[in-house]
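Commentary on secondary and tertiary structure
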Amino acid sequence: PRLGALGHVVPIARCAHTMPVSDQAFVTLATNDVYCQGALVLGQSLREHRATRRLVVLVTPQVSNPLRVILSRVFDEVIEVNLIDSADYVHLAFLKRPDLGITLTKLHCWTLTRYSKCVFLDADTLVLSNIDELFDRREFSAAPDPGWPDCFNSGVFVFQPSLETHSLLLQHATDHGSFDGADQGLLNSFFSNWSTADIQKHLPFIYNLSSNTTYTYSPAFKQFGSSAKVVHFLGSSKPWNYKYNPQTGSVLEEGSGRANQHQTSFLNQWWGIYHRSILPLCEDIRNKDHHS
Ligand code: UDP
Ligand code: MN
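Report follows, based on the coordinates. For every chain, the first residue of the written sequence is number 1, and numbering continues from 1 onward in sequence order. Here every chain gets a letter starting at A, and every ligand a number starting at 1, in the order they are written. A pLDDT threshold of at least 70 governs which residues receive local features in this predicted model, and a stricter bar of 80 or more applies before side-chain atom pairs are shown or counted, although totals over entire chains, interfaces and linings include all residues. To obtain the side-chain values, all non-hydrogen atoms of the structure were used and water was disregarded.

**Considering the site of ligand 1**
Nearness of a residue to a molecule or strand requires only that one of the residue's heavy atoms be within 4 Å of it. Among the 13 residues in the neighbourhood of ligand 1, the closest are listed as L29, T31, Y35, G235 and K238. In the model, an oxygen atom of ligand 1 is placed 3.1 Å from a nitrogen or oxygen of the H232 side chain. Any N or O atom pair separated by 3.5 Å or less is treated as a polar contact, with the protein-specific requirement of one donor-capable and one acceptor-capable atom, and with residues adjacent in sequence counted only for side-chain atom pairs. Contacts to ligand 1 include G235, whose backbone N or O atom sits 2.9 Å from an oxygen atom. Every accessible area reported is derived by Shrake-Rupley at a probe size of 1.4 Å, with residue values counting cover from the shown protein chains alone. For ligand 1, the accessible surface in isolation is 510 Å², of which the surrounding protein chains cover 78%. Buriedness for pockets is judged along seven lines, at least five of which must meet protein on both sides within 12 Å for an open set on the 1 Å grid over protein atoms alone, while cavities are sets there where a 1.4 Å probe fits but cannot get out, and lining residues have an atom within 4 Å of a point. A molecule is counted as occupying a cavity or pocket when more than half of its atoms fall within 2 Å of that pocket's grid points. Because more than half of its atoms lie within 2 Å of the grid, ligand 1 is assigned to the largest pocket. In this count, Pro and Cys sit with the nonpolar residues alongside Ala, Val, Leu, Ile, Met, Phe, Trp and Tyr, while Asp, Glu, Lys and Arg are called charged and the others, Gly among them, polar. The residue makeup of the shell around ligand 1, split by class, is six nonpolar, four polar and three charged.

Encoded structure:
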């Protein structure tokens with residue numbers, strides 16, 4: 001009877017737990033068609049690992065219509081953000097600091113106030129397992145940057161949309177700029193007590209594993225690498241810059257820079273999803289276009 005009771009209770013508990021939560025979202029950003037490739041693979045990887053939150057992609061006017069249609073097949077919401085059209089204070093911050101263009105665009109995620117909490121993921125990240133537990137964390141949670149671990153990396157973070165925070169961030173951008181010219185410097189100087197205030201806000205490195213820096217501590221990678229949950233292809237060579245051989249299921253090394261063995265396996269996983277799930281979507285849309 002005990003087993004029977006357990007068998008009865010567990011599925012119900014599990015069911016309640018995996019009910020979709022509609023006031024929380026995973027959010028990414030693509031300002032052009034190239035970065036859309038990354039967003040699509042990321043969105044698909046979240047779906048394959050049964051994300052229970054809404055999937056949102058922010059796009060800018062440069063993103064073409066066909067790609068918006070494809071994005072809308074993977075994401076629940078495709079939201080256009082336009083720096084120039086937005087509220088006056090955004091416009092002002094932008095005029096004063098035109099160098100912060102993409103940075104200010106990323107900050108738009110704070111305006112998604114229909115959501116109570118969100119997880120932002122760069123378009124060059126790939127999800128390797130379910131990461132819904134990130135919603136147990138509070139703003140501002142992020143993982144250490146491999147290059148300077150007292151700073152967080154802004155490729156994966158937990159935040160709480162708020163127009164007030166958004167305008168404070170823009171004010172900070174206008175007043176102080178960004179020490180690295182991008183969102184990471186700005187966010188680190190805004191959430192400046194991240195490294196000391198609350199250990200709960202330090203996400204484990206497995207939630208933002210930089211694929212190209214793991215070689216610097218190989219034994220740790222050997223020990224912990226298999227538990228990676230999000231891989232981040234940060235730096236200049238993005239997965240979409242590689243060539244892929246669908247027959248062998250692996251990326252071609254030549255001409256695309258040296259990739260270490262760990263990186264290659266993640267690249268192959270990225271390309272596997274792209275080839276299996278995203279390219280067919282693109283074909284599908286193209287054919288529909290042709291017949292209408
Ligand atoms: N991004 C974009 N278009 C660009 C550059 C960046 O949409 O031309 C977005 C995209 O979501 C990207 C994020 O901003 O993942 C941060 O840029 P990137 O990942 O290239 O920086 P890194 O992680 O390599 O420092
Ligand atoms: Mn990135």
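Here the narrative resumes, following the displayed structure.
**Notes on the side chain of T105**
In this fold, T105 is placed in helix α5 (residues 101-107). In this description, contact between two residues means that some pair of their heavy atoms is separated by no more than 4.5 Å. Beyond its immediate chain neighbours, meaning those up to four positions away, T105 contacts L29, T31, T60, V81 and L83. For helices the rule is a DSSP run of H or I covering at least 4 residues; for strands it is a run of E covering at least 2, with both sets numbered from the N terminus onward.

**Observations regarding the coordination of the manganese ion (ligand 2)**
Within the protein, the manganese ion (ligand 2) binds to D122 (OD), D124 (OD), D124 (OD) and H232 (NE2); these donor distances fall in the range 2.2 to 2.4 Å. Counted as donors are the N, O and S atoms within 2.8 Å of the metal, or 3.2 Å for Na, K and Ca, while water is not among the atoms, so some sites may look incomplete. Sequence spacing among the residues donating to the manganese ion (ligand 2) works out to D-x1-D-x107-H. Taken as a pair, D122 in the loop between β4 (117-121) and β5 (125-127) and H232 in strand β9 (residues 230-232) lie far apart in primary sequence, 110 residues in all. For the pair D122 and H232, a shared accessibility class is recorded, and that class is buried. To sort residues, take the accessible area from a 1.4 Å probe on protein chains only and compare it with the maximum for the residue type: under 20% means buried, over 50% means exposed, and anything in between is partly exposed.

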